Amino acid sequence: MVVLRADGSSLSPLSFVLHVLRGRWFMLFAAILVMAGAGGTYVFGIYSKDLKTNLGYDQQTLNTISFFKDLGANVGILPGLINEVTSPWVVLLCGAGMNLVGYLMIYLALVGKTAPPRVWLMCIYIAIGANSQSFANTGALVTAVKNFPESRGVVLGLLKGFVGLSGAIFTQLYLAIYGNDSESLVLLMAWLPAVISIIFVYTIRIIPYSRVGGETKAFFRFLYISIVLAVFLMIIIIVEQQVHFSHAAYSIASTIVVILIFLPLSIVGREELKALRQSSSEPKPQPEPEKHITIVTVSNTSSQPEPVLTTNSNPDSDSTLGCLSLKNAFNPPARGEDYSIMQALFSIDMIILFLATICGIGGTLTAIDNMGQIGQSLGYPSKSINTFVSLYSIWNYAGRVVAGFTSEYFLSRFKIPRPLMLTFIMLLSCVGHMLIAFGVNQGLYAASVIIGFCFGAQWPLLFAIISEIFGLKYYSTLYNFGAVASPVGSYILNVRITGHNYDTEAAKQHVNSTTRRGDLTCLGVQCFKKSFLIITIVTFVGAIVSLILVWRTRNFYKGDIYARYRDGASVKGNGAAEMVSSSSDNSKIEKEKENNGVVSGNKV
């Protein structure tokens with residue numbers, strides 16, 4: 001078989017395969033696989049009972065370990081900074097090593113191959129293993145966003161959607177490989193993500209950006225496959241709750257899951273073939289006549305000619321050390337330009353976004369972490385609790401892909417700012433919190449759907465907003481800084497408010513009991529009513545705060561925020577967009593020169 005280009009030349013099958021393996025679309029497929037294996041934190045509930053039983057932990061200790069899991073998964077400043085000065089393969093290799101070490105030590109402790117670790121040491125193990133998720137996000141997801149800058153919302157939604165599905169994918173694979181042995185699930189989490197990262201360590205890289213038509217249609221094909229995968233997983237989860245599965249049945253189900261995960265390869269080959277033919281059909285550009293530029297200086301203070309201005313609006317960000325410099329930290333460039341790290345962190349826009357995220361994601365994460373206890377306190381049967389806890393990953397996935405794709409559509413078609421969509425998601429999550437607070441009859445099913453959807457939807461919106469306002473040059477670090485809002489909100493709303501109120505109500509119900517405070521069970525609507533009324537108020541306040549960002553960025557989103565990537569832009573080096581030739585930039589330079597008393601003219 002010979003691959004024909006548009007200009008009539010041929011390409012051997014081997015050459016075409018090598019072209020595909022080096023292309024942007026195969027890089028995206030590799031990122032999908034990495035992200036599908038980066039959700040080990042979502043299956044903590046499956047093996048947490050083994051930690052409690054095998055190692056003798058009480059509920060309070062287990063909650064402490066869970067907090068360090070969330071802390072490790074969301075504090076990714078280190079991989080962000082590493083990615084600023086190295087290539088993505090370094091970040092992926094570091095993440096693979098941390099994943100293997102962290103979860104392997106947990107597995108050895110569970111099966112008794114090592115002495116039972118102290119609580120602080122177990123917290124370190126799980127924080128290291130969970131922090132590998134941040135390395136995977138930085139190495140794969142951030143790189144994919146830089147390779148598809150005009151479709152960043154779609155890319156974020158798609159890849160974050162696969163992270164949401166990873167918990168369900170892990171569950172099916174471990175049932176097929178190890179059977180119903182939850183201890184072995186930890187072993188699977190140790191080696192599988194590490195192997196995936198190592199295999200694609202050189203595939204995931206920054207590729208110079210060249211605009212190709214039809215990208216949106218290709219992303220929708222990826223979306224359709226992911227929807228089929230999500231629906232299949234949802235059906236399997238429901239059936240497994242109702243019917244006894246044999247090992248052969250689990251193997252068949254996991255085989256179908258693997259086939260669906262690899263099905264996007266057909267899209268990769270098609271898109272690379274189309275890009276190859278399109279590039280060969282484009283006429284070679286003719287050399288432009290040489291232009292001579294004469295700069296006339298109008299100044300009373302100096303007779304020396306002014307230096308020619310460059311298009312870089314943020315010179316301090318050119319060096320690695322400059323990105324962390326406090327110089328000009330309070331004098332940021334225009335929105336959409338490349339901020340330095342310190343300029344972004346001290347920006348009012350970032351502070352507003354961070355506060356809103358603490359309120360929004362912190363509230364939904366609190367509901368998710370306590371879903372089992374909420375169902376128990378409201379009198380739901382164990383089978384029902386297991387069902388909506390298991391299905392959370394599906395609604396998490398739905399929120400991520402819907403927010404990513406629809407926000408991109410509304411932004412490009414109607415210029416609706418992404419912060420406004422974030423406001424709407426927070427207001428919607430208030431409905432789920434209210435259903436829990438008042439214990440509406442059978443309302444927990446609807447609440448789990450709403451909260452799972454809203455939790456997933458906030459992530460691609462948050463990361464897309466950061467990339468749009470502060471640029472892509474230091475996106476690796478800024479992306480991970482935004483994720484820090486999750487454990488901050490979780491600690492305040494979950495540990496300090498919800499956990500404290502639950503223990504207080506449980507103590508009231510067991511005044512004369514000799515049971516330890518940490519082991520008391522609370523029953524009734526009042527167990528979580530006060531906490532979720534507070535969470536509803538906090539989330540509503542977060543929505544109001546996000547409206548401030550909507551107002552501040554209204555003019556920015558009315559313009560063409562992706563113009564710099566279309567008008568002769570290329571993504572190079574660390575992913576910063578560098579303008580090659582753009583009429584809009586030329587006019588900006590002229591204006592800057594006029595402001596400095598410089599008049600320029602061109603002679604051909």
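Q: Could you give me a rundown of a nonpolar patch on the surface, with the residues and numbers involved?
A: A cluster of nonpolar side chains, namely Leu100, Ile177, Trp191, Val195 and Ile199, defines an oily patch on the protein surface of about 440 Å² accessible area. The element that contributes the greatest number of residues to the nonpolar patch is helix α9 (residues 182-199), accounting for three residues. Counting through the fold element by element, Leu100 comes out in helix α6 (residues 88-110). Judged by relative accessible area, which is 37%, Leu100 ranks as partly exposed.

Q: Tell me what's going on with the pattern of salt bridges, and back it up with residues and numbers.
A: Applying the stated criterion to the full structure yields nine salt bridges. Arg24 is paired through a salt bridge with Glu215; the nearest N and O atoms lie 2.9 Å apart. A residue pair is termed long-range when its members are at least 10 positions apart, and Arg24 in helix α2 (residues 24-36) and Glu215 in helix α10 (residues 215-242) qualify at 191 residues. Taking the relative accessible area as the measure of exposure, Glu215 reaches 8% and is therefore buried. Lys274 is the partner of Glu271 in a salt bridge, and the nearest nitrogen-oxygen pair spans 3.3 Å. Taken as a pair, Glu271 and Lys274 lie in helix α12 (residues 265-281) at a separation of three residues, close to a single helical turn.

Q: Pulling in residues and values, what's your account of the packing of aromatic side chains?
A: In the structure shown here, the tally under the stated rule is 27 aromatic pairs. Ring geometry for Phe26 and Phe29: centres 5.9 Å apart, planes at 40°, overall tilted. Here Phe29 and Phe26 lie together in helix α2, a separation of three residues that amounts to about one turn. Across this residue pair, the class does not change: Phe26 and Phe29 are buried. Between Tyr475 and Tyr479, the ring centres sit 5.7 Å apart and the planes meet at 65°, which makes this aromatic pair edge-to-face.

Q: A description of the packing of helix α8 (residues 152-178) against α10 should follow, citing residues and the corresponding values.
A: Viewed as axis vectors pointing N to C, α8 and α10 meet at an angle of 30°, and their least axial separation amounts to 10 Å. In terms of orientation, α8 and α10 fall into the roughly parallel class. The two elements α8 and α10 meet at a crossing, and its hand is left-handed. Each of Val154, Val155, Leu158, Phe162, Leu165, Ala168, Ile169, Gln172 and Leu175 in α8 lies in contact with α10, whose residues at this interface are Phe219, Phe222, Leu223, Ser226, Leu229, Ala230, Leu233, Ile236, Ile237 and Glu240. Residue classes in the contact of α8 with α10 are distributed as 16 nonpolar, two polar and one charged.

Q: Which residues make up helix α17 (residues 392-414), and what values go with them?
A: Taking 1.5 Å as the rise per residue, α17 with 23 residues should run 33 Å; its terminal C-alpha atoms sit 31 Å apart, in good agreement. Phi for Lys415, located one or two positions after α17, is positive at around 60°.

Q: How would you summarise the side chain of Gln458 if you had to cite specific residues and measurements?
A: By the element assignment, Gln458 lies in helix α19 (residues 443-470). The class of Gln458 is buried, set by a relative accessible area of 2%. Among all residues touching Gln458, those that are not within four sequence positions of it are Gly360, Ile361, Thr364, Leu422, Ile425 and Met426.

Q: Describe the nonpolar core, and please don't skip the residues or the numbers.
A: Core analysis: the largest hydrophobic core is formed by 153 residues, its most contacted members being Tyr47 and Leu51. Among the elements that make up this core, the one with the highest residue count is α19 (17 residues).

Q: Help me get a handle on helix α7 (residues 119-147), residues and values and all.
A: Taking 1.5 Å of rise per residue, 29 residues should cover 42 Å, and α7 covers 42 Å from first to last C-alpha, within 8% of that figure. Of all the bends in α7, the greatest measures close to 30° and is centred on Asn137. Here α7 lies mainly inside the structure; 24 of its 29 residues are buried.

Q: Go over the confidence of the model for the chain, please, and point to the residues and values.
A: Across the chain, the average pLDDT comes to 81, with 80% of residues at 70 or higher. Overall, residues 315-320 carries pLDDT values under 50, and its contacts beyond four positions in sequence, including any with other chains, amount to 13 contacts. Ignoring residues within four places in sequence, the model shows residues 569-604, a span with pLDDT below 50, making 66 contacts including any to other chains.

Q: Quick one: what's the story with the side chain of Glu468, residue by residue and with numbers?
A: Of note, Glu468 is situated in helix α19. Among the polar contacts listed, one links the side chain of Glu468 to the side chain of Tyr557, at a separation of 2.7 Å. Filtering out sequence-adjacent residues up to four positions away, Glu468 remains in contact with Arg152, Gly336, Leu411, Arg418, Phe556, Tyr557, Ile561 and Tyr562.

Q: Kindly report on the environment of Phe470, identifying the contributing residues and their values.
A: Within the secondary structure layout, Phe470 lies in helix α19. Residue Phe470 is classed as buried on the basis of its relative accessible area of 1%. Residues Phe470 and Pro332 lie 138 residues apart in sequence; the distance between their C-alpha atoms is 9.5 Å. With near-sequence residues (within four places) excluded, Phe470 lies in contact with Glu337, Asp338, Tyr339, Ala344, Ser347, Asp349, Met350 and Leu478.

Cut-offs and rules
Residues numbered from 1 in each chain as written. Predicted model: local features only at pLDDT ≥ 70, side-chain atom pairs only at ≥ 80, totals over all residues. Heavy atoms only, no water. Patch = residues over 30% accessible without salt bridge, like charges linked within 9 Å, V, L, I, M, F, W, Y side chains within 5 Å. Areas by Shrake-Rupley, 256 points an atom, 1.4 Å probe, with all protein chains shown as cover. Salt bridge = Lys/Arg side-chain N within 4 Å of Asp/Glu carboxyl O. Helix = DSSP H or I, 4+ residues; strand = E, 2+ residues; numbered from the N terminus. Buried < 20%, exposed > 50% of the residue type's maximum accessible area, 1.4 Å probe, protein only. Phe/Tyr/Trp six-rings, centres within 6.5 Å; stacked < 30°, edge-to-face > 60°. Axes fitted to C-alpha atoms, helices over the stretch in contact; angles between N-to-C directions. Parallel < 35°, antiparallel > 145°, perpendicular 65-115°, else oblique. Left-handed = near helix turned anticlockwise from the far one by under 90°. Contact = heavy atoms within 4.5 Å. Nonpolar A, V, L, I, M, F, W, Y, C, P; charged D, E, K, R; others polar. Expected span 1.5 Å × (residues − 1). Core = buried A, V, L, I, M, F, W, Y, C linked by side-chain atoms within 4.5 Å. Bend = angle between axes of the 7 residues up to and from the residue. pLDDT = per-residue confidence, 0-100. Polar contact = N/O pair within 3.5 Å; in protein donor to acceptor, adjacent residues only side chain to side chain.

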